[in-house]
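# An overview of the molecular structure
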Amino acid sequence: MNLGVEIAGVSLKNPVTTGSGTFGSGEEYSEFVDLSSLGAVTTKGVANVPWEGNPTPRVAETYGGMLNAVGLQNPGVDVMIKRDLPFLKKAGAAVIVNVCGRTVEDYIEVVERLSDQPVDLLEINVSCPNVKEGGIAFGQDPKALYEITKAVKEKADQPIIMKLSPNVTDIKEMAKAAEAAGSDALSLINTLTGMKIDIEKRDFLLANKTGGLSGPAIKPVAVRMVYEVCSTVKIPVIGMGGILNAEDALEFIMAGATAVAVGTANFTDPCAAVKVIDGIKSYMERHNIEDIRELIGCVK
Amino acid sequence: MGKHNIKAEIVSQKKLSTDIFDMTLNVGDMAKEALPGQFVSVYVNDGSKLLPRPISICGIDAKHKTVRIVYRIAGKGTELLSTYEAGTRLNVLGPLGNGFNMKNEKAILIGGGIGIPPMLELAKQLKCEKTIVLGYRNQDTFLKEEFEAYGEVLVSTEDGSVGTKGNVIDAVREQAREGSVIYACGPTPMLKGVKAYAEEMGLEAQISLEERMACGIGACLACVCKSKEVDGHTHVRNKRVCKDGPVFDAKEVEF
């Protein structure tokens, strides 16, 4: 049975990675998960310098989902190079580094610093709804997305994956812009901007007022968007948004995703990603599927 | 040693007071590794609720492989938890966090509201002389009698119905109790008061913080507190309550 897939020339042993921001840099989860058993570890977003993130509370649970406004707290690329990447290499994991920034120059500085590092793919976060500058500002206008994609692609040594926001009118336009600018792959969806109010305190739940909604509540939206994008562009797509189990993951794959990311589910069960891989295997056994690639985009 | 991600069975559950419940869980080997001041992540059996409820450990029984949690209904998840009967199985992750650094010096243990339960196992394990100060809203007290087995217990209530009228620090001052180390858990305003009192008296204070969490193991960076020193993870001044804490030296925390 073959579970292996390829994203921009990089072979992954199976199609399951982790959603950026839900898995740290893998170290905390390595107590529960053999990191080398994953298709790849996608790290929490990293900038050129350390970011403090937003005030607390940063998370709130919602029906079938959660809101987060962590605000991309991260130690900066130097610490990642010194501490996290050697750890991941030793653990035998394929690595997708999620890159964030406030300006185009920030993103470029990070990808340049990572050029000689043990990193397989770069996921460019232009869709975080929780930071004032950068982030989503690049991800809501096709022209801005085209420009930053082109600028990053020019400097990046590893293949780049632009991570798209669902907070747009037409995600197909965004996908086309990223593809035209040279993005090697796409990942979608990032979180949907949401809000929760504490009616007893008559106040916002999150200090940031708004946060990104993730979890099964957003899954149907994510599957639809993955389907639309896969029908529009030729580059491979990593699908994500509310995947809790193998059945959810298979929906994304059948909609056209070459790989999937398990995100919020890691909070519900630290072994969630491994269980998704096992579940995909048993589905394939049950249905006599020899190669996972037979399932990619099989629903037209 | 390590964290356990297990299916735990409820051994017993009873109501202690208004909205306060007392649950004992069979957690297997987790019990012998748990320390006073640590917590467990409890998952309710409801697919619409994705996040665990972080609940402090109130009692540890390594011999019977159980931990005891005493929690307050704070929302729909804990409300559901309170309806479960003995025999129900739940996912539990733990033990989590650092726990108290137990010293053999005259101690003042301070618990406020739902910060009282973790002080019980600490009171049991601390072998030194100690004063225990418990703060409640009103006469609706809980666990008070159990603490009396381990030391002198002072009580404060907001409405003055039991013990000193006011807060836990008022009770400590009124009774002029001395100690070298304060251990405390409770709401943020109380912990601020403890920090100020410890500074004024030149005492060490270990305070256990609460914050909204997601992963519970230090990865998601949801539950940070402002720290005086640069933290070990991000190298800013944000310590993770779930992993670097929940117990911090009061000098370390900036409210």
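Keep in mind it's a predicted model, so treat the numbers as computed, not measured. (Residues numbered from 1 in each chain as written. Chains lettered and ligands numbered in written order. Predicted model: local features only at pLDDT ≥ 70, side-chain atom pairs only at ≥ 80, totals over all residues. Heavy atoms only, no water.)

On the surface, K196 and K201 of chain A together with K76 and R212 of chain B cluster together to form a positively charged patch. Considering the arrangement of structural elements, one finds R212 of chain B in the loop between β13 (204-208) and β14 (224-226). R212 of chain B gets classed as partly exposed once you look at its relative accessible area, which sits at 39%. (Patch = residues over 30% accessible without salt bridge, like charges linked within 9 Å, V, L, I, M, F, W, Y side chains within 5 Å. Areas by Shrake-Rupley, 256 points an atom, 1.4 Å probe, with all protein chains shown as cover. Salt bridge = Lys/Arg side-chain N within 4 Å of Asp/Glu carboxyl O. Lys, Arg positive; Asp, Glu negative; His and termini not counted. Charge placed at Lys NZ, Arg CZ, Asp CG, Glu CD. Helix = DSSP H or I, 4+ residues; strand = E, 2+ residues; numbered from the N terminus. Buried < 20%, exposed > 50% of the residue type's maximum accessible area, 1.4 Å probe, protein only.)

What follows concerns the UniProt feature "binding site: [2Fe-2S] cluster" (unreviewed entry) in chain B. According to UniProt, the positions carrying the feature "binding site: [2Fe-2S] cluster" (unreviewed entry) are C215, C220, C223 and C242 of chain B. For the annotated residues, spread through 28 residues, the largest C-alpha to C-alpha distance comes to 10.1 Å, consistent with a single compact locus. Narrowing the list just given to those that line the largest cavity leaves C220 of chain B. Take C215 of chain B: it is sitting in the loop between β13 and β14. Take C215 of chain B: its relative accessible area is 3%, and that puts it in the buried class. Setting aside anything within four residues of it in sequence, one finds C215 of chain B in contact with Y29 and F267 of chain A together with L93 and C220 of chain B. In this fold, C220 of chain B is placed in the loop between β13 and β14. If we ignore the near neighbours within four places in the chain, the residues touching C220 of chain B are G21, K44, V70 and F267 of chain A together with A214 and C215 of chain B. (UniProt positions renumbered as here; feature names shortened; annotations may be inferred. 1 Å grid on protein atoms, 1.4 Å probe; cavity = no way out; pocket = protein on both sides within 12 Å on 5 of 7 lines; lining within 4 Å. Contact = heavy atoms within 4.5 Å.)

Applying the stated criterion across every chain, the model contains two cavities of 30 Å³ or more. Considering the residues around the largest cavity, the lining is formed by 35 residues, among which S20, T22, N68, N190 and T191 of chain A are closest to the centre. Here the lining of the largest cavity is built from residues that sort into 15 nonpolar, 18 polar and two charged. Lining the second largest cavity, in full, are G24, S25, K44, G45, V46, N74, P75, M80, R83 and D84 of chain A together with H233 of chain B. Tallied by class, residues from the lining of the second largest cavity come to three nonpolar, five polar and three charged. (Points joined across faces, edges and corners; volume = space filled by probe spheres on them. Nonpolar A, V, L, I, M, F, W, Y, C, P; charged D, E, K, R; others polar.)

For any two helices packed against each other, the geometry is given by the interaxial angle and the distance between the axes. Residue and element names in this part refer to chain B. Running from amino to carboxyl end, helix α5 (residues 168-175) crosses helix α6 (residues 188-201) at an angle of 35°, the nearest separation of the two axes being 9 Å. Of α6, the residues touching α5 (which contributes V168, I169, V172 and R173) are M190, G193, V194, Y197 and E200. Of the residues belonging to the contact of α5 with α6, the class tally is six nonpolar, one polar and two charged. (Axes fitted to C-alpha atoms, helices over the stretch in contact; angles between N-to-C directions.)

All names here are of chain B. Domain assignment breaks chain B into domain 1 (4-96) and domain 2 (107-254). Here domain 1 and domain 2 have C-alpha centroids that lie 21 Å from each other. Contacts between the two partners involve 21 residues from domain 1, matched on the other side by 22 residues from domain 2. For the pair domain 1 and domain 2, the summed buried area comes to about 1,800 Å², and 61% of that belongs to carbon and sulfur atoms. For the domain 1 face of the interface with domain 2, the top three residues by lost area are P36, C58 and R72, together amounting to 27%. (Domains from an automatic or database assignment. Buried area = accessible area lost by both parts, 1.4 Å probe.)

Residue and element names in this part refer to chain A. Among the surface-exposed residues, E109, E112, D116 and D157 lie close enough to one another that they form a single negatively charged patch. Its location among the elements puts D157 in the loop between α3 (142-155) and β9 (160-163). The exposure class of D157 is exposed, given its relative accessible area of 57%.

So, about the layout of surface pockets. A volume near 400 Å³ is recorded for the second largest pocket. In terms of lining residues, the second largest pocket is bounded by 22 residues, among which T268, D269 and K275 of chain A together with Y43 and N91 of chain B are the most central. Elements that contribute at least two residues to the lining of the second largest pocket include exactly α7 (265-268) and α8 (272-286) of chain A together with β1 (4-17) of chain B. For the lining of the second largest pocket, the leading source of residues is α8 of chain A, giving four residues. Taken together, the residues of the lining of the second largest pocket sort by class into ten nonpolar, seven polar and five charged.

Chain B puts 32 residues into the contact, and the matching count from chain A is 38 residues. Carbon and sulfur atoms supply 57% of the area that chain B and chain A bury against each other, a total of about 2,900 Å² over both sides. On inspection of chain B and its partner chain A, the count reaches five salt bridges. For the salt bridge of K3 of chain B with E31 of chain A, the shortest nitrogen-to-oxygen distance reads 2.9 Å. Summed over the shared surface of chain B and chain A, the number is 17 residue pairs in polar contact (both at pLDDT 80 or more). Those elements that place two or more of their residues in the side of chain B that touches chain A are β14 and β15 (238-240) of chain B. Here the side of chain B that touches chain A is composed, by residue class, of 15 nonpolar, nine polar and eight charged. (Polar contact = N/O pair within 3.5 Å; in protein donor to acceptor, adjacent residues only side chain to side chain.)

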